[in-house]
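Working through the structure, step by step
Given next are the chains, with one letter for each unit.
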Amino acid sequence: MKLGNLLIAGLISGSIYAVFAVCIAMWFRVSNILNLAVGDFAMLGALGTDHLVRVLHWPTAPAIVTVIVACGVGAYLYDKAILRLALDGRRRQEGIVITFFFTFALSFFIEGLAEVLFGTNIYAAPTLWQGNSLSWGGLHFERAGLLVLACAVVSGIAFTAYIRYTLSGKAVEASGESYVGASIVGIDTRRYRRNIFIMTGMLAAVFGILQSPLTGYAFNSGGTIGFTGFIAAAYAGYQKPGRAVLAGVAIGVVESLLGGYVSTQYNDTILYAILAALVLIRPSAMGLDVAVGG
Amino acid sequence: MAAIPARLRPGAPEGADRAAGEGRRRRATGLTGQLSATGVVVVAGVVVMAFWAQQYIGSVFVLALTYAVVTAGMAIQIGFSQQVAFSQSVFMGLGAYGVAVLNADAGIPSVLAMLIVTIGSGIVALLLGRIVTKAPGLALAVASLMFPLIATGYVTSANYLGGSTGMPLTGNLFPSSSISASVVGNGLIVVAVVAVVVFIGSRLLGSDLGLELYTLGVNEQAAAAMGVVTPRRKLELFVLGSMLAALGGALYAGTQLFVPATLVGVTTELSLLMMLFIGGRRSVIGAVIGAFAIQYVQGASNYISIHILLIEGVLITVILLIEPEGLAGIGLRLRQAFRRRVAPGRAAAATRRGATGTAAAGTGDATAAVTVRQDGAFATSWAAQATGGDASLLSCAGIDMAFGGLKVLSDINLALPQRGVFGLCGPNGAGKTTLLNVLGGSLQASSGTVQLAGQDITRLPAAERFRRGVSRTFQAVQLIRGRSVVDNVAVACLDSNRSSLARGIAFSHLGAARGRAFEALDYLGMGAVADVEVSSLTLERQRMVELARAVASKPRVLLLDEPASGLSEVQRAELAEVLREIGRHTCVVLVEHDLDLVASVAERIFVLAAGGIVFEGDGESFKASDVVGTLLMGRAPTA
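Residues numbered from 1 in each chain as written. Chains lettered and ligands numbered in written order. Predicted model: local features only at pLDDT ≥ 70, side-chain atom pairs only at ≥ 80, totals over all residues. Heavy atoms only, no water.

A tally of regular secondary structure across chain B gives 26 helices and 12 strands. Residue burial in chain B is summarised as follows: out of 639 residues, 59% are buried. Pairs at least 24 residues apart make up 74% of the contacts formed inside chain B by residues separated by at least 6 positions. Within the structure as shown, chain B displays about 23600 Å² of accessible surface, and the carbon and sulfur contribution to it stands at 61%. (Helix = DSSP H or I, 4+ residues; strand = E, 2+ residues; numbered from the N terminus. Buried < 20%, exposed > 50% of the residue type's maximum accessible area, 1.4 Å probe, protein only. Contact = heavy atoms within 4.5 Å. Areas by Shrake-Rupley, 256 points an atom, 1.4 Å probe, with all protein chains shown as cover.)

Structure, rendered in structure tokens:
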């Protein structure tokens, strides 16, 4: 039973990494920008909903809808105000590192804003599927954990299908492959970049609402939790949403097994050493042999 | 458009003299800038230590300087050379904890401990770097991102390092019974170290090695093809960045007398990157400014401290939107604007010099026809270098090349003499560029041998083949954006390829390299655009710059990959003249789709199809060939 429960715990924590990895991979695919702020949208979803329900006494459903819409509007405004200037302006900024700094700054800004709005304590959105954990043959499933797992699987499948089977998905791919080339053949690269940014921001907010009952969120949790997705997405070359889900889940499971069977103190250290070794051994297989300059 | 200096116009004194003068001027200017930056650090440091050493302004000043040592290393490694590795906080921690352990546990004075840990960190970086610097591009960034995560886990669990709290020290860098003397002494030691780092760093970036490193960052393949030993440079950069990070950490420990566990980790890594990008990622002095900006902003007032995340988020965004090169870039633009107003003549010269040797002013006569100077010093010395004879210079035998299950080249055999133009034609996907890459060393053949003047060069990398006389251009123009035409050509004239970074800091020969580059540009009638920023040129001119870069080293073999692509009829005719002239001096392998051009300049033409040579002959038989007509001209085969 120990192995089973460790696997379940790993699947749940891996699902958390997976959803952020999907969001990061999808937006990188269209824009070639790494989004470090994706975890902060999750934090906004969780703390925003909690604030509306617990402090302002809103009903849960309108609170959730309002917060998700607000995250979408925030992402839209950020694209209009900042990304358009940085990426489409007279002095277009290129290169993974320099563009990464815009989302890095956005992460700082959102966390600073959340500190002002929600304070420094840890809160969580209301649990959507209430009740005791489910048990089956000695295995225990947290209800919120199952929602998290479902969210990861659905988002991974949906984005993979979107890219693979829709014309719009092909346009997303083309935008990421060549900004200029895609524009020449009539693809509105800006629109795709903006739409995916908004979509992944809103997905992260939904996920934050579902997941927060498991871990809780503080104003600065987003950066940390999003960072794990950032690492998982690396193993999908920051490109493939389906592979990002698998990578996230695999990392969670390995982490859980290391904690259960090897060392609770050094499980993360060993995990990161394994991850570093994987990148160094097969960088091209992961699509990481791309230049970072600009 | 700024006026072109008389000495850069065609018809001005001969290239070598002019180049030597230009080189001296640039060398002197570079040294002045390096000494000025160092002087500013020393004067500011001494003034702050003299008047405010024990006040808030003084303590933050010293703290910022310790970070500045780390960010200066990052400017060289990450900003300038674009080798993104997230290992600075780990080495900063190694330096800081190293000094703490040696000082608190072994009783070694902090200054001596600082030297020991810096050298020790260099050895660790050398061992680690041998593995991680083999990772290309983004892989290096991702792999090294694990290092702070691993180190955090270790440090917070290690009781002898103080666990998640940290570790105190007992001795100052400058031990004294007087607290005020210790504080001032500590500060002056840090100022001296930073001054040395700024001088060395600025000198490195302004040297011929700096040009190598810049090229490596912009385009690793082009750098290797021009003789830069990229694996070695990447390793050296990793070691240098790591040693400076360790030195910064050691200074931090010796001045703050406590090493917090949070010094190692992703948060510190990101803070350091923030300092670098806010200050100016490609400039050592910018990196120092960034460290100061962040440290002083964080403690400027209570309101700012409380809202630091919001403020830093806005600050980074605004600065990067205004100027991607950060505060240093903003400062440079303001200075140029001021000079344009006050002294327009001096401003033009200053713009050409630029902070990193970039040249933005003046477009030269960018539309003039390209004409080769057959009587110039360059042509004369190149002709004298040729050994003559019809013996085979470049040959390959039994070359096979496969990518996985896809066979691209099959049993290619060639033998080319010392001089002449030799065409290589074929339909798309025939394997022409792959064969060129195999000859140039960018790709290793699956089987078969390549020989140059009777020596086997099959396993030699591109950089070594370049040194032996194999030069090339690329199908898509691969120039170093952000640098002048002359610097783009000078990359192929560097003596620093075999030098270590340390030697490059002491002796820069960039002036001499630029001199040789001027000669090559003169040879191709391009002297007038020498100081122009390369991406502002037309495609034809960019192709000519790439050609000038390829011939600047007076190669024995010149591999040209579709040099006429994108050129007009007139420009192709000019190019044909250039190729005929170059073919008098060297062996030119010309991959080209323009069959008329190839037939008009090549004395022998090879046609490649489906990975094999299907035709070999001169221009006349090439035009008459049924195989060529069918494959390349769309003619129906004759019965």
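There is more to say, and it comes next.
What follows covers the overall build of chain A. Helices and strands together make up the secondary structure of chain A, namely 11 helices and 2 strands. Beginning at the N terminus, the succession of helices and strands in chain A can be written as α-α-α-α-β-β-α-α-α-α-α-α-α. For 294 residues, the compact-globule estimate of 2.2 N^0.38 gives 19 Å, and the C-alpha radius of gyration of chain A, at 19 Å, lies within 12% of that figure. Expressed as lengths along the three principal axes of its C-alpha atoms, the size of chain A is roughly 60 × 50 × 35 Å. Residues classed as buried in chain A amount to 54% of the 294 residues present. Total accessible area on chain A stands at roughly 12100 Å², and carbon and sulfur atoms take up 65% of it. On chain A, the mean spot of the 18 positive side-chain charges and the mean spot of the 14 negative ones are 8 Å from each other. (Rg over C-alpha atoms; globule rule 2.2 N^0.38 Å. Lys, Arg positive; Asp, Glu negative; His and termini not counted. Charge placed at Lys NZ, Arg CZ, Asp CG, Glu CD.)

Right, let's get into the sheet that holds strand β5 (residues 420-425) of chain B. All names here are of chain B. Overall, mixed pairing links the 6 strands, which are arranged β8-β9-β10-β5-β11-β12 in an open sheet. Edge positions in the open sheet fall to β8 (470-472) and β12 (612-617), since each of these has one partner strand only. Adjacent strand axes in the sheet meet at a mean angle of 20 degrees, parallel and antiparallel pairs treated alike. Where helix α17 (residues 432-440) meets the sheet, it contacts β5, β8, β9 (557-561), β10 (587-591) and β11 (604-609), and its direction lies at approximately 150 degrees from that of β9. (Pairing = 2+ DSSP bridges. Axes fitted to C-alpha atoms, helices over the stretch in contact; angles between N-to-C directions.)

According to the stated counting rule, one finds 23 aromatic pairs over all chains in the structure shown. Between Phe-104 of chain A and Phe-108 of chain A the ring centres are 4.8 Å apart and the planes differ by 50 degrees, which places this aromatic pair in the tilted class. One end of the pair is Phe-104 of chain A and the other is Phe-108 of chain A, both in helix α4 (residues 96-118) and 4 residues apart, which spans about a single turn. Just as Phe-104 of chain A is buried, Phe-108 of chain A falls in that class too. For the pair Phe-292 of chain B and Tyr-296 of chain B, a centre-to-centre distance of 6.1 Å together with 15 degrees between the ring planes defines the contact as stacked. In this pair, Phe-292 of chain B and Tyr-296 of chain B are both assigned in helix α11 (residues 284-298), 4 residues apart and thus about one turn of the helix distant. A relative accessible area of 25% places Tyr-296 of chain B in the partly exposed class. (Phe/Tyr/Trp six-rings, centres within 6.5 Å; stacked < 30°, edge-to-face > 60°.)

What follows is about the nonpolar core. Nonpolar side chains tend toward joint burial in soluble globular proteins. Counting 262 residues, the largest nonpolar core has Phe-101, Tyr-235 and Tyr-238 of chain A together with Leu-524 and Leu-547 of chain B as its most contacted members. Considering every element that reaches this core, the biggest residue donor is helix α2 (residues 56-80) of chain B, with 15 residues. Residues lining this core come from more than one domain, with at least three contributed by each of domain 1 (37-322) and domain 2 (377-632) of chain B. Among residues more than four places away in sequence, those in contact with Tyr-235 of chain A are Arg-243, Ala-247, Ile-251, Leu-275, Ala-276, Leu-278, Val-279 and Met-286 of chain A together with Met-146 of chain B. Formed by 30 residues, the second largest nonpolar core is a distinct cluster that contains Leu-394, Cys-587, Val-591 and Leu-608 of chain B. (Core = buried A, V, L, I, M, F, W, Y, C linked by side-chain atoms within 4.5 Å. Domains from an automatic or database assignment.)

Let us now look at the side chain of Glu-236 of chain B. Here Glu-236 of chain B lies in helix α9 (residues 230-256). Leaving out residues up to four positions away in the same chain, Glu-236 of chain B has contacts with Ser-499, Ser-500 and Leu-501 of chain B.

By a frequent convention, interface size equals the accessible area lost on bringing the separate parts together. Listed as interface residues are 46 residues of chain A and, on the opposing side, 41 residues of chain B. Counting each side, the surface lost to burial between chain A and chain B is near 3700 Å², with a carbon and sulfur contribution of 79%. Considering only the side of chain A, the residues that lose the most area to chain B are Phe-101, Phe-108 and Leu-280 of chain A, jointly responsible for 16% of the buried surface there. Where chain A meets chain B, there are 0 salt bridges. Across the contact surface, chain A and chain B share 0 residue pairs in polar contact (both at pLDDT 80 or more). Mapped by element, the contributors of at least two residues to the side of chain A that touches chain B are α3 (60-88), α4, α9 (221-234) and α11 (267-281) of chain A. (Buried area = accessible area lost by both parts, 1.4 Å probe. Salt bridge = Lys/Arg side-chain N within 4 Å of Asp/Glu carboxyl O. Polar contact = N/O pair within 3.5 Å; in protein donor to acceptor, adjacent residues only side chain to side chain.)

Residues and elements named next belong to chain B. A positive phi angle, close to 50 degrees, is found at Asp-411, a residue other than glycine. Summarising the element assignment, Asp-411 is placed in strand β4 (residues 406-416). One non-glycine residue, Ala-453, lies in the positive phi region at around 50 degrees. Tracing the backbone through its elements, the reader meets Ala-453 in the loop between β6 (447-452) and β7 (455-456). For Ala-453, a relative accessible area of 38% puts it in the partly exposed group.

Residue and element names in this part refer to chain B. If you walk across this open sheet you meet the 4 strands as β4-β3-β6-β7, and the pairing is antiparallel. Sheet topology places β4 and β7 at the edges, where each strand pairs with a single neighbour. Of the pairings in the sheet, the one linking β6 to β7 comprises 2 bridges and is antiparallel in character. Along β7, the bridge assignment pairs Leu-452 with Gln-455.

All names here are of chain B. Evaluated as defined, the whole model comprises 23 salt bridges over all chains. Put simply, Glu-325 and Arg-282 hold a salt bridge, and the shortest N to O gap is 2.8 Å. Within this pair, whereas Glu-325 is found in the loop between α13 (308-322) and α14 (326-342), its partner Arg-282 is found in the loop between α10 (266-279) and α11, the two being separated by 43 residues in sequence. We classify Arg-282 as buried; its relative accessible area is 12%. A salt bridge links Glu-546 to Arg-549; its shortest N-O distance comes to 3.6 Å. Linking Glu-546 with Arg-549, this pair stays in helix α22 (residues 539-551), spanning 3 residues, or about one helical turn. Side by side, Glu-546 and Arg-549 carry an identical accessibility label, which is buried.

Attention now moves to the environment of Gly-237 of chain A. All names here are of chain A. Counting through the fold element by element, Gly-237 comes out in the loop between α9 and α10 (241-261). Considered as a pair, Gly-237 and Arg-29 are 208 residues apart in the sequence and their alpha carbons are 9.6 Å apart. Look past the residues within four positions of Gly-237 in its chain and what remains in contact with it is Phe-28, Met-286, Gly-287 and Leu-288.

Turning our attention to the domain arrangement of chain B. Residues and elements named next belong to chain B. Taken as a whole, chain B is organised into domain 1 (37-322) and domain 2 (377-632). In this complex, domain 1 contributes 28 residues to the contact, which on the side of domain 2 involves 34 residues. For the pair domain 1 and domain 2, the summed buried surface comes to about 2700 Å²; carbon and sulfur atoms form 62% of the total. Looking at the side of domain 1 facing domain 2, the largest losses of area belong to Asp-208, Leu-211 and Met-226, adding up to 28% of the total buried there. Where domain 1 meets domain 2, there are 0 salt bridges. Across the contact surface, domain 1 and domain 2 share 8 residue pairs in polar contact (both at pLDDT 80 or more). Breaking the side of domain 1 that touches domain 2 down by element, the ones donating at least two residues are α6 (179-205), α7 (208-218), α8 (220-225) and α9. Element by element, the count of residues in the side of domain 1 that touches domain 2 is highest for α7, at 8 residues.

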